[in-house]
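One-letter residues, chain by chain:
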Amino acid sequence: MFRIHCPHCSEARSEEEFSYAGEAHIPRPAAPSSMSDAEWGEYLHTRTNHRGQHREMWVHTAGCRRYFNVLRDTVSYEIVAVYLMGEMPPEREEAP
Amino acid sequence: MQKYSLLSLVRHARHYHENWQRAWRDPVPKKAYDTVIVGGGGHGLATAYYLAKEHGIGDVAVIEKGWLGGGNTGRNTTIVRSNYLRDESSHLYEFSLKLWEGLSQELNFNVMFSPRGVLYLGHNLHDMREIERRVNANRLNGIDAEMLSTREVQKLVPLMNCSPDARYPVLGASLQRRGGIARHDAVAWGFARAADAQGVDILQRTEVTGIRTVDGGVTGVETSRGFIGARRVGCVTAGNSGVLAAMAGLRLPVESRPLQALVSEPLKPCLDVVVQSSGVHCYVSQADKGDLVIGAGTDSYNGYGQRGSFSVIEHTLQAVCELFPAFSRVRMNRHWGGIVDICPDACPIIGEMPVRGLYFNCGWGTGGFKATPGSGYVFADTLANERPHPLAAPFSIDRFSTGALVDEHGAAGVAH
Ligand SMILES: Cc1cc2nc3c(=O)[nH]c(=O)nc-3n(C[C@H](O)[C@H](O)[C@H](O)COP(=O)(O)OP(=O)(O)OC[C@H]3O[C@@H](n4cnc5c(N)ncnc54)[C@H](O)[C@@H]3O)c2cc1C
Ligand SMILES: [Zn+2]
C-alpha cells in the first residue's frame, strides 16, 4: 500500500485511486506496415521488468483520470519521482 | 538413500530417531557440470531429478540463492488441478496431475497429495456459460469435470452461503474430483532428496550473478561462490526470470508481480474441498493441519518485494466472509507474498533462448505449483534431447512473434 502524488491534482492520494498502466517510454512503431513479426512481438509483449528503479505509467482512475509517469523502486516500492507524459525520465539509479 | 518405510520408522524409534540419514548432502561446488539448473524451487529440483532418472544425466548442479522451496514453491496455496481450457495447456497440466497421483511412491516421500476435489463457483449467467464451456472442453480432452447445481454445492459445502439473497448468489459450480492440495515444502524436499540420491549436487545459499557466454553459446554461470562451468544452463527462477534473462542480455515477455496469501489459526475440520471463485475473487481450502489457506489476487503493478498491497487482502477477506459468514470470526495467523512471473497469455515459456545452451522454464505465474512434476519432466526431456518435448513445444518463446498465444486467462486468472 502506498500513496501516489498525482501531478495533475497536486495531491498525494491512496494507491487504490490509481490504476497501473504498464511500462513507460515504449515508442509506438513509426512504420507499422514494414515491421517484421519479431519486431511486433517485441513491441507488444517484451518488457523490461526491471528489478530496481522502474519507469512506469499510472492513471488517476478515481480522480482526474489523467495519465502520468512514475519512477518507482520495484523492490522497496518507494516512489522516486513523478513526471508528466512527454517529459524526459529522470536518471535511473542502478542497483548496486 | 535410506528408504522411508514403516519398518524404518519402527527401527529408528528404538534409537529415539537420532540416527536418521540427512535428506541431502551439502556438497562443495565442482568446477564444472554437464548441466546447471538455476533455482531450487519445485520446478528446478524436479528438472534435476528427471534429468538423472529418465536420461541418466547425473552430472547436474541445482544452484539456489536462498533455501530450497523458499520462492513461490513454499509460498503458494497448493491447489492442484488440470481443468484448463485449451488443448495445449490441458495436456500439459493433465500430464502433471497424473504424475502427482503417484508422486509420493515415486519419490519415497509423502507429498501429502490430497485429491479432495476443486470447486469453481459461478455467480452469474456469464460465469455459468464459461464454466460449462470449460467442463465440456475438459471432457473432450479426457479430463474429469462435472457441473453441480446450487443444491449440490450446498450439500458438498454446508458452511457456504448459497442463499438466493447473497450479494453474489451461487448459481452452480464445476467440480474436478481428482484435483486437490498437497504439502508444498514436501514437494521441494522430496525432489531434492531423490535428486541428491542420483548424484545431483544441490548448492544452497549460492547466488547466480552472471551468465557467461562465448560466441553466442553458454559456458557457465558466475556465482557468489565463483564461476561454475556448464554445457547447458536451465533457468527456473520464477519471479526473478527477468533478472536472469538480463544477465544474458535478453528480455522476456514476462512481468513480475506480487501475489499474496494468508492462513488462519487451526480449526476443526470444516471444509473438505477446495473452493475457488473468480466472481468474488477468493480461493480457500483447509490444510490437513486445520488452518484455512486463503489466496488473494495479484497486484496490478510490477514488484519484487515479496509483499503486496493491503487493499488486495481486504478485498479477498470480504469475499471469504461473504461466502462463508462463519469465517468472519476466524483469526488470521500469517500473511505473505510471492513474486509471480506473468506472461501475456498466462502460460509458461519452456525452451531454448537465442543463446545456445541457455534454456528457460518460467512464466508459470500464479499457477505453476500444480505443474511441478510435469514441468520438471518435460523440461528435463527438452534439455537432454536439445529439442522441445512434444508437450512443451507449444510453449516456446517463438509464440510471441508467431502470434500462436495459448490464452488461459479464464482458467488461470483468478483460480490458481
Ligand atoms: C501466493 C501464491 C499462491 C499461489 N497459489 C498457487 C496454487 O494454488 N496452485 C498453483 O498451481 N500455483 C500457485 N502459485 C504459483 C506457484 O507457486 C509457482 O508457479 C511455482 O511454485 C513456481 O515454482 P518454481 O520452482 O518455478 O519457482 P520458485 O519456487 O519461486 O523457485 C525459484 C527459485 O529460484 C531462486 N533464484 C532466483 N534468482 C536466483 C539467482 N540469481 N541465483 C540462484 N537462485 C535464484 C529463488 O530463490 C527460488 O527459490 C502461487 C504463487 C503464489 C506466490
Ligand atoms: Zn489526478
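Predicted, not measured: the structure shown is a model, and the values here were computed from it.

**Things to note about the overall build of chain B**
Next, step 1: A count of helices and strands for chain B gives twelve helices and 18 strands.
Next, step 2: Rg of the C-alpha trace for chain B: 21 Å, near the compact-globule value of 22 Å for 416 residues, within the 12% margin.
Next, step 3: For chain B, the spread of C-alpha atoms along the principal axes amounts to about 65 × 65 × 40 Å.
Next, step 4: Every one of the 416 residues in chain B was classed for burial, and the buried ones make up 59%.
Next, step 5: Taking the contacts inside chain B whose residues are at least 6 apart along the sequence as the reference set, 76% of them involve residues at least 24 apart.
Next, step 6: Roughly 16,800 Å² of accessible area belongs to chain B as shown, and the carbon and sulfur atoms make up 52% of that amount.

**Observations concerning the site of ligand 1**
All names here are of chain B.
Next, step 1: What surrounds ligand 1 is a group of 38 residues, the closest being E64, N72, T73, T77 and K370.
Next, step 2: G365 places a polar main-chain atom, nitrogen or oxygen, 3.4 Å from an oxygen atom of ligand 1.
Next, step 3: When the free accessible area of ligand 1 is taken as 1,000 Å², the share hidden by the protein chains comes to 97%.
Next, step 4: Looking at the shell around ligand 1, the elements with two or more residues in it are α2 (42–55), β12 (255–266) and β16 (332–342).
Next, step 5: Here the shell around ligand 1 takes three residues from β12, the largest share from any one element.
Next, step 6: Residues of the shell around ligand 1, tallied by class, amount to twelve nonpolar, 21 polar and five charged.

**Things to note about the environment of G410 of chain B**
Next, step 1: Relative to the assigned elements, G410 of chain B resides in helix α12 (residues 409–412).
Next, step 2: Looking at G410 of chain B, the relative accessible area reads 36%, which means it is partly exposed.

**Brief notes about the packing of α2 of chain B against helix α7 (residues 184–197) of chain B**
In helix packing, the relevant descriptors are the interaxial angle and the interaxial distance, both defined with respect to the helix axes.
Residue and element names in this part refer to chain B.
Next, step 1: Closest axis-to-axis distance for the α2/α7 pair is 8 Å, and the angle between their directions is 30°. As judged from the angle between their axes, α2 and α7 are roughly parallel. Along this stretch, α2 crosses α7, giving a crossing that reads as left-handed. Within the contact between the two elements, α2 uses L45, A46, A48, Y49 and Y50 and α7 uses A188, F191, A192, A194 and A195.
Next, step 2: Broken down by class, the residue content of the contact of α2 with α7 amounts to ten nonpolar, no polar and no charged.

**Observations concerning a nonpolar patch on the surface**
Residue and element names in this part refer to chain B.
Next, step 1: A cluster of nonpolar side chains, L6, L9 and V10, forms an exposed patch at the surface whose accessible area comes to about 310 Å².
Next, step 2: One can find L9 in helix α1 (residues 6–13).
Next, step 3: A residue is classified by how much of its surface remains accessible, and L9, at 44% relative accessible area, is partly exposed.

**Thoughts on the interface of chain B and chain A**
Next, step 1: Taken together, the contacts link 29 residues of chain B with 24 residues of chain A.
Next, step 2: Both sides of the chain B and chain A interface together cover about 2,100 Å² of buried area, and 48% of this is carbon and sulfur.
Next, step 3: When the buried area of chain B at its contact with chain A is split by residue, R251, Y301 and Y304 of chain B rank highest and sum to 31% of it.
Next, step 4: Our count for the contact surface shared by chain B and chain A stands at one salt bridge.
Next, step 5: Residue E42 of chain A is joined to R251 of chain B by a salt bridge in which the shortest nitrogen-to-oxygen separation is 2.9 Å.
Next, step 6: Linking chain B with chain A are 14 residue pairs in polar contact (both at pLDDT 80 or more).
Next, step 7: If you list the elements that add at least two residues to the side of chain B that touches chain A, you get α8 (241–247), β12, α9 (310–323) and α11 (399–402) of chain B.
Next, step 8: In terms of residues, the side of chain B that touches chain A owes the most to one element, β12 of chain B, which gives four residues.
Next, step 9: Here the residues of the side of chain B that touches chain A are counted per class, giving eleven nonpolar, twelve polar and six charged.

**Some details on the coordination of the zinc ion (ligand 2)**
Tetrahedral coordination by four donors places them ideally at 109.5 degrees to one another around the metal; octahedral coordination by six donors ideally gives 90 or 180 degrees.
Residue and element names in this part refer to chain A.
Next, step 1: Looking at the zinc ion (ligand 2), one finds its protein donor set to be C6 (SG), C9 (SG), H60 (ND1) and C64 (SG), positioned 2.0 to 2.3 Å from the metal centre.
Next, step 2: Coordination at the zinc ion (ligand 2) is tetrahedral: its four donor atoms span angles of 104 to 118° at the metal.
Next, step 3: In primary sequence terms, the donor set of the zinc ion (ligand 2) follows C-x2-C-x50-H-x3-C. Of this pair, C6 sits in strand β1 (residues 3–6) while C64 sits in the loop between β4 (53–59) and β5 (67–73), and the two are 58 residues apart along the sequence.
Next, step 4: We classify C6 as buried; its relative accessible area is 0%.

**Quick notes on the sheet that holds β4 of chain A**
Residues and elements named next belong to chain A.
Next, step 1: With antiparallel pairing, the four strands of this open sheet are ordered in space as β3-β4-β5-β6. With one partner strand each, in any of the chains shown, β3 (19–23) and β6 (79–83) form the two edges of the open sheet. The average angle at which neighbouring strand axes cross in this sheet is 30°, direction not considered.
Next, step 2: Here three bridges tie β3 to β4, and the two strands are oriented antiparallel to one another. Counted as the bridge partner of E23 is E56 from β4.

Reading guide: rules and limits
Residues numbered from 1 in each chain as written. Chains lettered and ligands numbered in written order. Predicted model: local features only at pLDDT ≥ 70, side-chain atom pairs only at ≥ 80, totals over all residues. Heavy atoms only, no water. Helix = DSSP H or I, 4+ residues; strand = E, 2+ residues; numbered from the N terminus. Rg over C-alpha atoms; globule rule 2.2 N^0.38 Å. Buried < 20%, exposed > 50% of the residue type's maximum accessible area, 1.4 Å probe, protein only. Contact = heavy atoms within 4.5 Å. Areas by Shrake-Rupley, 256 points an atom, 1.4 Å probe, with all protein chains shown as cover. Near = heavy atom within 4 Å. Polar contact = N/O pair within 3.5 Å; in protein donor to acceptor, adjacent residues only side chain to side chain. Nonpolar A, V, L, I, M, F, W, Y, C, P; charged D, E, K, R; others polar. Axes fitted to C-alpha atoms, helices over the stretch in contact; angles between N-to-C directions. Parallel < 35°, antiparallel > 145°, perpendicular 65-115°, else oblique. Left-handed = near helix turned anticlockwise from the far one by under 90°. Patch = residues over 30% accessible without salt bridge, like charges linked within 9 Å, V, L, I, M, F, W, Y side chains within 5 Å. Salt bridge = Lys/Arg side-chain N within 4 Å of Asp/Glu carboxyl O. Buried area = accessible area lost by both parts, 1.4 Å probe. Donors = N, O, S within 2.8 Å, 3.2 Å for Na, K, Ca; no water. Tetrahedral: all angles 85-135°; square planar, octahedral: opposite > 155°, others 65-115°. Pairing = 2+ DSSP bridges.

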